[in-house]
Every structure is written in structure tokens, then in C-alpha cells.
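Summary of the model geometry
This is what each chain is made of:
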Amino acid sequence: MNDPRLFVDEMLEGIVVAHPGQLISVAGDLRCIVRGGDKTAGKVGIATGGGSGHLPLFLGYIGKGMLDGCAVGGVFQSPSADQMLEVTRAIDSGAGVLYIYGNYGGDIMNFDMAAELADMEGIKVEQVVAGEDVASAPKGEEGKRRGVAGIFFVYKIAGALAGEGASLAAVKKVAEKVSAGVRTMGVALSPCIVPEVGRPSFQLGENEMEIGMGIHGEPGIHRGPLQTADEIVTQITGRLLEDLPFRKGDEVAILLNGLGATPKEELYILGRKLHRILKEKQITVFHTYVGEFATSMEMAGASISLLRLDDELRRLLAQPADTPFFTQFQL
Amino acid sequence: MQSLKTADIVTILRELKLSVENNQQLLGELDGVMGDGDLGLTMTRAFTAAAEEADRSEEPLPGKLLMRLGAVIAKAAPSTMGTLVATGFMRGGKALDTTSQLGPRELAVFFDAFVNGIMERGKSAPGNKTIIDTLYPAARALQTAAAAGETLDSAAGRAYVAARQGLEDSTQMKAQHGRAAYYQDASIGKQDGGATVGLLIVEGFYKVIVR
């Protein structure tokens, strides 16, 4: 990097020039990014937002079949309500705007505020707050759970339905359904560094790992000696399956997510064991996504997300999408 | 003064701008003890923008003007405290609906919606050492005074006294929100920047009303 204070803005400048036509900044603010090209009249706009340091989250999923705009904050910081409002104005085509974002206090306060400001201008806004990290709050307190990689599924499916011209109420409903049917848990092997702070936000020993750590380094549920990939997957999958719960005969989509410094090879090793466990439990896998979807700067580690599918969700998940960080042909 | 009209709201905003400017250093210092020290700057930015907008605006209804000022503050001061104060003005203004003059009853409605909006947006309540701890007692005092049929001058005076007492009480509270919460016990005995902002807002209304 150059100057830590310019980390976010220089990153954004680079992203926008790398994807001309696909992404543009609005209101003279690099931190307000929307889809390039003309708006589709009558299409519900989908906006997200959140702190930087999680690429491809959040702006990376702006594009055909997914999101329309994103307000970008500093590293691990919420963007402002005003930036969210600018994005909202830019993407509203008259059919209203749905906010989809993770369950974090600063983001909630600012998105709530932006929704109220938009309402004063006559723009209809609905919100879905995603939170599926099983480690962040016990069952029964799902509303307190942090949003992590599973939000990818909410974007993908809500974006597909919005692309079909569905109403704001219908897009919100499907987003809530996805949000309710996805579960995630992760493991961290090394900490991450916020550029302006310049040192790790927590310490983790050379041969230690922490199950359930959040994507900003929030404490997890268990810290201990490094285990094998199979042991980690067995532990995490057990928690995920019993939480929803996923049952024999269910069909799922898998998201194997690297946190920033984990090679894809390792993710596939995790995926091998995961598939074995699911097969044994007689849970069918519709599709497996492997890669970096929600990272935490240079943190080493991974997360596993499972989404229970029904006919509607399967159909929408299978549809094509084309964004700077995620492209899919019809499945 | 018997009631506040739109022109008086403009005067109040000028008063608030001056008051925040005069207290900029104090707010910065209070915030610097437990926060990131930018409260004085943020509030100056917020009320400078709001006062300019009030001067410029041709909006005839006080409620509509106050809502508009909230939106202006949100843009000018995108920090937590800026967003909370902005919410207060928006909700307070909205609650006034098409009222053309604010007597004791309407002023009570305004401050009640103001502080409720902040409690909802900030997910907080009285007793946590925040801006709520000066605004909430002021709103209660206004309600009591309005119910007793007191004059606007008298009601505003009671609100101001209640807010001052609230600031004193809040100094002994333990911080639960924001960066200040990291200090917990160490926050006891320290004056809170947010609560101070709440007092300045009540004071601005009071000063113009009794002038």
C-alpha cells in the first residue's frame, strides 16, 4: 500500500478503473458505487454497504443478477447514512429499493437513517438485515447473530428475483427466506491488520486456531491447538447441521469461503470432508461455491456456509450473474 | 414569548450554532477523554450547516423546517452523534406535523419525539450516560409543565433546569455505548460529551424563548 489513510480510496479508484462500464461512482464520492449503464424501469434496486477490508464484499457483487449499488465505509467501519442515501437515489427506478446488509450496530443505525431520509424524498425502502454466524449468538437469539459470508446467497437470490421484475415486497420476502435458511461458521488461523492501526487486532499463537471468530476479529467460541482439516470440518458442520437444523433429505448449496490468506487447495480439502459428511447424513448438494466471498484483510482461515434450498431458491440461485467479482452461467 | 413561530426556529438555530462554536473546545476535550475527540468539530459542522439552511429556507411550517434541518445535519455530520442529533430534529419536526406555532404543549411534543427518535436509533435508554440523559428529563419537564398549563417561558425554564440536573446526574453514570463503554467504571465521574450536547440544545431553545 501507499498511505494507510488513502487505503480505501485508492482501492476504490483501482476497482472502478478496472471495471469500466460495470461500476461507476456517484455524487462525486468514490465511496458511493453503483451499476453502470441505464436503470431498468420498474426493477427494484438492491443496495448494500459496509466496511472495507472484506473484498469481494460488499461492492464486488454489484452487477447483473445481483446488486445495484453499495455504500463503502473505511476499513471495518460503516459508511455514512448520507452515502447510503446517495446510492439509494441513484439506483431507484421508481419500484423502490431493498437494503441488504450485515447485522452490525453502525450499519443498522446508518441504513435506518438512510431509509428515513429516502422516505422523506418519496423513495420506498425496505430492509433485510442478514445474520447467520452460528458462533456469534446461541440458537433462540438468531437476531443477534453477525452477518458473514452467507450474505452472498441473499444477494444472489434476491438479485435474481429483482431481475425478473418482482415487487419490492416479493424481493424482500425471498431475501428474508434465504437469510433464515443459511448458516455459517468459520475458523481463524491468524489475525488481520487494519492499515491505519498498523498492528494485528488480536494475537493468535503459531499453532493455535479459533473456531467461530468474526470477520473483524470478534471473539469466537473456542480457541485451541491447531486441528486437522477433517477435524475442523467435522466440528463446524456438526454445529451448522444441528442449528437450522438441516435434515436427511434436504438439499443444500455450499459456500466454502477463504478469509484472505488461505489457498484454494485448502478450501477443497475442507470441501472433501464436508461432502462426505453430508452424503452420510443423506443431504444432497445442489452446488458448491469455492473461493473468497467475504474476507477479513489478510486473515488466514475459512468459513463454511450451508443454505437449505427449495424449488424457488434453487431456481433463482441457478440463474446467471455477472459482477466484477462473481460470474456464473446458468446452473 | 408565548409561542415559537418559524422565524423563532431560525433564531434558535443561530443561537445553537454560536453556542456549539463557543463550546467546541470543551466538547472536543470531553470527547477526547473517552471518545475520539472530534465531537466539537462534528457539532460545529452540524449546527453551522443547519443554521445556514434555516437562514436560507423559505419553508413556512416549523415542523417541516425542523425535519429539513435534520436531513442537513445528517449530511454535514456523518458521525454517530451527528446522526443521532439529525434523527432528533427529523422526528421532532415530523411530530409537529402542520402546527404553525409551538406553545408549551407542542414544544413538549417536539422534544418527546426528539429524544424517542434518538433512543430508537441509538438503541439506548436513559441511564447509560448519553445525550438521552439530558434530553429525556427536559422532555419530561416540558410535558409536566404543559399539562399544568404553564406558560412557554416557564415550561422552557423547567426543561433547562431538568437538563442541567440531567448532566450532573449523568456524570455519575457508567458509560455503556460507543468507545466510552470500553472505559466502563473509569467513566464514572467524568462529564459526557453527548449529554453536554443535549444540554446545549435545550439551552438554545430556552435562551431564545425567555429573551
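Up top is the structure.
Analysis parameters
- Residues numbered from 1 in each chain as written.
- Chains lettered and ligands numbered in written order.
- Predicted model: local features only at pLDDT ≥ 70, side-chain atom pairs only at ≥ 80, totals over all residues.
- Helix = DSSP H or I, 4+ residues; strand = E, 2+ residues; numbered from the N terminus.
- Rg over C-alpha atoms; globule rule 2.2 N^0.38 Å.
- Contact = placed C-beta atoms within 7 Å.
- Buried ≥ 20, exposed ≤ 12 C-beta atoms within 10 Å, placed from the backbone.
- Nonpolar A, V, L, I, M, F, W, Y, C, P; charged D, E, K, R; others polar.
- Expected span 1.5 Å × (residues − 1).
- Pairing = 2+ DSSP bridges.
- Axes fitted to C-alpha atoms, helices over the stretch in contact; angles between N-to-C directions.

Focus: the overall build of chain B
- On a plain count of helices and strands, chain B comes out with nine helices and zero strands.
- For chain B, the sequential pattern of α-helices and β-strands runs α-α-α-α-α-α-α-α-α.
- For 211 residues, the compact-globule estimate of 2.2 N^0.38 gives 17 Å, and chain B sits close to it at 16 Å.
- For chain B, the spread of C-alpha atoms along the three principal axes comes to 45 × 35 × 30 Å.
- At a minimum sequence separation of 6, the contacts of chain B that also span at least 24 residues come to 68%.

Quick word on the overall build of chain A
- What chain A contains, in helices and strands, is eight helices and 14 strands.
- What you see for chain A is a C-alpha radius of gyration of 19 Å, in line with the 20 Å of a compact globule of 331 residues.
- Along the three orthogonal principal directions, the C-alpha set of chain A runs to about 55 × 50 × 35 Å.
- Considering chain A as a whole, with its 331 residues, one finds that 52% of them fall into the buried category.

Focus: the environment of V174 of chain A
Residue and element names in this part refer to chain A.
- By secondary structure assignment, the location of V174 is in helix α5 (residues 168–181).
- For the pair V174 and L274, spaced 100 residues apart in the sequence, the C-alpha separation amounts to 27 Å.
- Sequence-distant contacts of V174, that is, excluding residues within four places in its chain, are made with I157, A158 and L161.

Section: the interface of chain B and chain A
- Counting residues at the interface gives 10 residues for chain B and 10 residues for chain A.
- Elements with a contribution of two residues or more to the side of chain B that touches chain A: α4 (62–76), α5 (80–96) and α6 (104–122) of chain B.
- No other element matches the four residues that α4 of chain B contributes to the side of chain B that touches chain A.
- Of the residues in the side of chain B that touches chain A, the class split is five nonpolar, three polar and two charged.

So, the environment of E53 of chain B
Residues and elements named next belong to chain B.
- As for its position among the elements, E53 is in helix α3 (residues 39–56).
- E53 gets classed as buried once you count the C-beta atoms within 10 Å, which come to 20.
- Along the chain, E53 and Y206 lie 153 residues apart, while their C-alpha atoms are 21 Å from each other.
- E53 has contacts with R68, L69 and V72, leaving out every residue within four places of it along the chain.

Examining helix α7 (residues 132–147) of chain B
All names here are of chain B.
- The terminal C-alpha atoms of α7 lie 22 Å apart, and with 16 residues this matches the ideal 22 Å at 1.5 Å per residue to within 8%.
- Looking only at α7, the buried set comprises I132, D133, T134, L135, Y136, P137, A138, A139, A141, L142 and A145.
- Considering only its buried residues, α7 is in contact with α6, α8 (152–171) and α9 (193–210).
- In the stretch just after α7, G149 is the one whose phi turns positive, near 75 degrees.

Describing the sheet that holds strand β8 (residues 208–211) of chain A
All names here are of chain A.
- A sheet is described by the order of its strands in space; here six strands give the open sequence β9-β8-β7-β12-β10-β11, paired in mixed fashion. Unpaired on one side and paired on the other, β9 (222–225) and β11 (284–291) mark the two borders of the sheet. Here the strands of the sheet are splayed against their neighbours by 15 degrees on average, with no regard to which way each runs.
- The strands touched by helix α6 (residues 229–243) within the sheet are β7 (182–188), β8 and β12 (301–308), with β7 carrying the most contacts at an inclination of about 155 degrees.
- Relative to β11, helix α7 (residues 264–280) is tilted by about 165 degrees, and along the sheet it contacts β10 (251–258), β11 and β12.

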